[in-house]
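Structural features, examined
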Amino acid sequence: MDADNADTRANQQTAMLDGGPAHGVRMRVTSRPPVLQVTWPCDVEAPPEGMRVDALFVYRLDLRSKGEPLRYGFDGASP
């Protein structure tokens, strides 16, 4: 194991998404990112080759969240 991987793992925390389409999803994050984006594939009728459409959902870190799991709340107003 190299030092960079060990440092990354040491900075990781468990996080949980609250609300929205990804409610309850748990993951590991590094360095407490303030915003997480979740994408969801959309069905497209007869898309041009290589094109896809994803719905984008934004989750923001709840700054009151001190211990694990960190809480990220759904931001329905974000594009």
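Structural data are supplied above this passage.
Overview of the structure. (Residues numbered from 1 in each chain as written. Predicted model: local features only at pLDDT ≥ 70, side-chain atom pairs only at ≥ 80, totals over all residues. Heavy atoms only, no water.)

A few points about the pairing of strand β4 (residues 54-61)
Side-chain direction in a regular strand flips from residue to residue, so the side chains alternate between the two faces of the sheet. Condition: Here, a strand pair is defined by DSSP locating no fewer than two bridges between the strands. Numbering of helices and strands starts at the N terminus; helices are DSSP runs of H or I of at least 4 residues and strands are runs of E of at least 2.
Both strand β3 (residues 35-41) and β4 contribute to a ladder of seven bridges, which runs antiparallel. Bridge pairing in β4 places W40 opposite A55.

Side note on the pattern of salt bridges
This is how the line gets drawn: Salt bridges are defined by distance alone: a side-chain nitrogen of Lys or Arg within 4 Å of a carboxyl oxygen of Asp or Glu. Here the term buried applies to any residue with accessible area under 20% of the maximum for its type, exposed to any over 50%, and partly exposed to those in between, with areas from a 1.4 Å probe on protein chains only.
Under the definition given, this model contains four salt bridges. Its salt-bridge partner being E68, residue R28 comes within 3.5 Å of it at the nearest N-O pair. Of this pair, R28 sits in strand β2 (residues 26-30) while E68 sits in the loop between β4 and β5 (70-75), and the two are 40 residues apart along the sequence. Owing to a relative accessible area of 48%, E68 belongs among the partly exposed residues under this scheme. Between D54 and R52 there is a salt bridge, with its nearest N and O atoms 2.7 Å apart.

Section: the nonpolar core
In plain terms, the rule: Here, nonpolar core refers to any group of buried Ala, Val, Leu, Ile, Met, Phe, Trp, Tyr and Cys residues whose side-chain atoms link them within 4.5 Å.
The biggest cluster of nonpolar side chains holds 10 residues, and these are A15, L17, A22, V29, L36, V38, Y59, L61, L70 and Y72. Those elements that place two or more of their residues in this core are β1 (12-18), β3, β4 and β5.

With respect to the sheet that holds β4
Strands belonging to one sheet form pairs held by backbone hydrogen bonds; the direction of such a pair is parallel or antiparallel. Here is the rule: Think of each axis as a best-fit line through the C-alpha atoms, taken over the contacting stretch in the case of a helix, with angles from 0 to 180 degrees between the N-to-C directions.
Spatially, five strands are ordered β2-β1-β5-β4-β3 in an open sheet, and the strand pairing comes out mixed. Each having just a single partner strand, β2 and β3 make up the two edges of the open sheet. In this sheet, adjacent strand axes meet at a mean angle of 40° when their direction is disregarded.

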